[in-house]
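Here is how the chains run, residue by residue.
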Amino acid sequence: MNRFREAVSGGNKVVRSKDPSVIDGFSSVQAVRHAGRSSNGPRTRPSRTTLPATTAKPDEKKNTVGKLASRIGHTVIPVKYEIVCYECAYTFTLTGRLQDTICPKCHALLDGSDHTIDREWTGTIKTIGTIELKPEGALKGGEFIARNVIIAGHAEEGIIQAYQRLELCAGATFDVARIRMKDLVIRKDGKFTITSKFTCRNLEVEGELKAKVFIEGIVRIRRGGFLRGEVYTPHLVVEEGGGLWAKVVVDSDESSVVRMNRGSKAAPILREEKQWQSSMAWDGA
Ligand SMILES: [Zn+2]
């Protein structure tokens, strides 16, 4: 219960988790959103500042202090990206600008660019950036493999793997059996009913979601968002103006959420699944 109060009174602050790897990923998501989001432009954008390599020796740094002084004046904290190599699945951290990079393990060159699809698309796209499927876009076979995937169009005929965040926007159609993600965001005006339970790391609700969810990190219900159904999580934040009508278990012992999930009779949704029903026709129940 203490954990719950702390989470609620925390407002916009990120609630600290015992597992630093969880927070690292979530914090970077927040940082990207604050730094790069606008209504018209690309959904994500590289950081404007680049810090010098921290591996430089003190003597080497001296020469560059003058040049860097003005830039450092504007620098807050360098953005960190949790990157999963789409060739070998190795996870590593990228600091500074998100760009093409070499996997430290398999040495594959990883595409760091963002992609926007606004028409019918067949084929595979792999990137450590973001793929956005616009409302007029349709994935007709093939795969989107990316750090972040944003779906506003029709994706039920393709396979989607978001190593970090999957965003579902109003009008999105998809088949959950063909989706993998770590964090899930239900965007404003998006209304989805998920008929079987599902598990992910963090869940953020700006729109409406009816589901049975097991969240290993944080559930965050934003202003105007509404979550119904059942919620099992170590951290719950309901912001001012957010709604929650659900059976709720908040247990700061994250492993207990995993245990509850395992103990449940239903199969974990992202492994064995029938259909993640998405519909704009909100049943209102
Ligand atoms: Zn690799």
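All values reported here derive from a predicted model rather than from experimental measurement.

1. What about unusual backbone geometry?
Moving on, step 1. Positioned with a positive phi, Ala89 is a non-glycine residue whose angle comes to about 70 degrees.
Moving on, step 2. Take Ala89: it is sitting in the loop between strand E1 (80–84) and strand E2 (91–95).
Moving on, step 3. With a phi close to 75 degrees, Asp189 is a non-glycine residue in the positive phi region.
Moving on, step 4. Summarising the element assignment, Asp189 is placed in the loop between strand E12 (179–186) and strand E13 (191–193).
Moving on, step 5. Residue class for Asp189 comes out partly exposed when judged on the 13 C-beta atoms lying within 10 Å of it.

2. What about the nonpolar core?
Moving on, step 1. Judged by nonpolar contacts, the single largest core of 59 residues is most densely connected at Phe144, Val149, Ile151 and Val219.
Moving on, step 2. Sorting elements by how many residues they give to this core places strand E10 (residues 143–151) first, with six residues.
Moving on, step 3. When neighbours within four sequence positions are excluded, Val149 is seen to be in contact with Ile131, Phe144, Ile160, Ala162 and Leu166.

3. Digging into the confidence of the model for the protein
Moving on, step 1. Across the protein, the average pLDDT comes to 76, with 64% of residues at or above 70.
Moving on, step 2. Within the model, pLDDT remains below 50 along residues 52–62, and this stretch shows four contacts once partners closer than five positions in the same chain are excluded.
Moving on, step 3. Of the regions scoring below 50 in pLDDT, residues 264–285 engages in 37 contacts with residues more than four places distant in sequence or in other chains.

Basis of the calculations
Residues numbered from 1 in each chain as written. Predicted model: local features only at pLDDT ≥ 70, side-chain atom pairs only at ≥ 80, totals over all residues. Helix = DSSP H or I, 4+ residues; strand = E, 2+ residues; numbered from the N terminus. Buried ≥ 20, exposed ≤ 12 C-beta atoms within 10 Å, placed from the backbone. Core = buried A, V, L, I, M, F, W, Y, C linked by C-beta atoms within 7 Å. Contact = placed C-beta atoms within 7 Å. pLDDT = per-residue confidence, 0-100.

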